[in-house]
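A look at the structure
The lines below spell out each chain.
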Amino acid sequence: MNTIDLPFRATTTEACAWMARQTGDAWTLARLLEHALTPVVWLDYDAAYPELFGDANGGYAAPIFFADDIARLAAGSEDVLITFTKDAYKLPARLPEPGFRRPLDQLRFQKKDLERLAGKLKHEAQAAQRPPQDNSGAAKESQAGIGKDEVLTAFAGMVRLDLARALDEAIGIFGDDGARVKASARKSKRNAVWNPVTLALGLHDVYRVPFGPLKRAFKTHDFLSPWQGAWDESLRLLGQ
């Protein structure tokens, strides 16, 4: 995957052009947002809001993730309106009404987020081309992901949080919009399974788990063997 021409924080035009080269499809701002990418806008330090900036006296890149703010952008707004974000310490922060407005051309997308999305789409395209496997419900579920006990066996010692509780509560990357296979817990939590590749990438990106322990997990645990190829491909695409 060529990332030489992809800036650390890409403009919407740069992000769409790069994704088009990776996927062969046309991309727009709305499509980037549809795939749950989190845009950021650089906020220069403003002494009127010391609690927002803290020690970041040069400013910081504020993420835009609040549903109403994202929906406004996806609908084709002419500028950026941020009503809810995270402060310089990454804590949730509601901005004073009516929020902060910025020109649309100040919107940026993180390089790592674009790389991860391109890798995920490529993996999904490759999976769709594979011959169908056993169509029984049990076989489909086992191929789709790993259960809670397996997740804890492979990853619990790597992250400073109650992973069992996080899985049960489906917070962060652990719900259907993250690593959990969508609707696998519809009947009961016991039926929930997680894609280990998506989970491992999320643990690295969100919880800063180093790649070293994650790589060892895929080489150590036999139940992760079916995903070794997809994991290796993801690492290759990330330059790891």
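Look up: the structure comes first, before these words.
Residues numbered from 1 in each chain as written. Predicted model: local features only at pLDDT ≥ 70, side-chain atom pairs only at ≥ 80, totals over all residues. Heavy atoms only, no water.

Two measures define how a pair of helices packs: the angle their axes make with one another and the distance between the axes. Following both chains from N to C, one finds helix H10 (residues 211-220) and helix H11 (residues 228-237) inclined at 155°, their axes separated by 10 Å at the closest point. It follows that H10 is roughly antiparallel to H11 by the angle criterion. Between H10 and H11 lies a crossing whose hand is left-handed. Each of Phe 211, Leu 214, Lys 215, Phe 218 and Lys 219 in H10 lies in contact with H11, whose residues at this interface are Gln 228, Trp 231 and Leu 235. Here the contact of H10 with H11 is built from residues that sort into five nonpolar, one polar and two charged. (Axes fitted to C-alpha atoms, helices over the stretch in contact; angles between N-to-C directions. Helix = DSSP H or I, 4+ residues; strand = E, 2+ residues; numbered from the N terminus. Parallel < 35°, antiparallel > 145°, perpendicular 65-115°, else oblique. Left-handed = near helix turned anticlockwise from the far one by under 90°. Contact = heavy atoms within 4.5 Å. Nonpolar A, V, L, I, M, F, W, Y, C, P; charged D, E, K, R; others polar.)

Summed over the entire model, instances satisfying the criterion amount to 12 salt bridges. With a shortest N-O distance of 3.2 Å, Arg 116 and Asp 113 are connected by a salt bridge. Here Asp 113 and Arg 116 lie together in helix H5 (residues 111-129), a separation of three residues that amounts to about one turn. Of the residues examined, Arg 116 reaches a relative accessible area of 30% and is grouped as partly exposed. Residue class for Asp 113 comes out buried when judged on its relative accessible area of 9%. A salt bridge links Lys 122 to Glu 233; the shortest N-O distance between them is 3.5 Å. Highlighted residues: Lys 122 in helix H5 and Glu 233 in helix H11, separated in sequence by 111 residues. Judged by relative accessible area, Glu 233 falls into the buried class, the value being 18%. Several salt bridges converge on common partners, so that one network encompasses Lys 112, Asp 113, Arg 116 and Asp 205. (Salt bridge = Lys/Arg side-chain N within 4 Å of Asp/Glu carboxyl O. Buried < 20%, exposed > 50% of the residue type's maximum accessible area, 1.4 Å probe, protein only.)

With that settled, the discussion passes to unusual backbone geometry. Here the bond from Glu 97 into Pro 98 is cis, since omega is 5°, no more than 30 degrees from zero. Among the structural elements, Pro 98 can be located in the loop between strand S6 (92-94) and strand S7 (100-103). One non-glycine residue, Ala 36, adopts positive backbone phi at about 65°. Following the sequence through the fold, Ala 36 ends up in the loop between helix H2 (29-34) and strand S2 (40-43). Looking at Ala 36, the relative accessible area reads 61%, which means it is exposed. A positive phi angle, close to 60°, is found at Arg 208, a residue other than glycine. Within the secondary structure, Arg 208 sits in the loop between helix H9 (196-207) and H10. Classification of Arg 208 as exposed rests on a relative accessible area of 55%.

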